[in-house]
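# Fold and contact review
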Amino acid sequence: MATVRVPAEGRTLADPADVRHKLHGIGIDYERVDVPPEIAAAPAARVLESYEGELAKLRARGGYVTADVIDVTPQTPGLDAMLAKFSREHWHDDDEIRLIVAGSGVFHIHPKNGAIVAIEVEAGDLIRVPAGTLHWFELCDTKTIRAIRLFRDPAGWTPRYTESGAESGYQPICLGPRRPVTAA
Ligand SMILES: [Fe+2]
């Protein structure tokens, strides 16, 4: 279950109903899905196959045309450069959908009205950050995440930076349990 924090208000939400209510209020779709350990570590094709029902619903709702599985570990070549692309406030003209199957990370969402919200995601979290939402993303200290992604444009999206510097006052504080990850 995602942990939600509102740093400016010193609030942390962990109760599922509170988390859903808060995320809905800032326009973020959020659901939980079951991720058995054998799926978390399965080859990408099997992961996609396992969630086909879920993905079909998302495609019907959002018009997404491609899905893949991204694997990031501390051994990923060019990891720091890759993470730097997403750790500054940005937006894009496609939704950012992640079904997390392993690892963890933190989305910071900057709503049009209201305080910045940090969402720590972990295995079983399905999140949709709608196109145009100001946000940034960082990994937790294990520097590991495995997630299904969906795109409307097979070429993927390009982050558009706001250059606001909003991210400078926020750390990717991760509160959730640390689980070993054995991605295929
Ligand atoms: Fe993004």
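Residues numbered from 1 in each chain as written. Predicted model: local features only at pLDDT ≥ 70, side-chain atom pairs only at ≥ 80, totals over all residues.

### Considering the overall build of the protein
- Helix and strand counts for the protein stand at five helices and 12 strands.
- By the compact-globule yardstick of 16 Å for 184 residues, the protein fits well, its C-alpha radius of gyration being 15 Å.
- Along the first, second and third principal axes, the C-alpha atoms of the protein reach 40 × 35 × 35 Å.
- Across the 184 residues of the protein, 33% fall into the buried class.
- A separation threshold of at least 6 residues defines the contact pool for the protein, and within that pool the share at least 24 residues apart is 79%. (Helix = DSSP H or I, 4+ residues; strand = E, 2+ residues; numbered from the N terminus. Rg over C-alpha atoms; globule rule 2.2 N^0.38 Å. Buried ≥ 20, exposed ≤ 12 C-beta atoms within 10 Å, placed from the backbone. Contact = placed C-beta atoms within 7 Å.)

### Observations concerning the sheet that holds strand β3 (residues 29–32)
- Pairing in this open sheet of five strands is antiparallel, and the strands run β3-β9-β6-β11-β4 from one edge to the other. With partners counted over all chains shown, the strands left at the sheet margins are β3 and β4 (66–72), one partner each. Each strand of the sheet is rotated relative to its neighbour by a mean of 20°, with strand direction disregarded.
- Here β3 pairs with strand β9 (residues 125–129) via four bridges, running antiparallel. (Pairing = 2+ DSSP bridges. Axes fitted to C-alpha atoms, helices over the stretch in contact; angles between N-to-C directions.)

### As for the confidence of the model for the protein
- With 95% of its residues at a pLDDT of at least 70, the protein reaches an overall mean of 92.
- When mean pLDDT is compared element by element in the protein, strand β5 (residues 90–91) scores highest at 98, while helix α2 (residues 37–40) scores lowest at 93.
- With pLDDT under 50 throughout, residues 179–184 is counted as low confidence; its partners more than four residues away or in other chains account for 12 contacts. (pLDDT = per-residue confidence, 0-100.)

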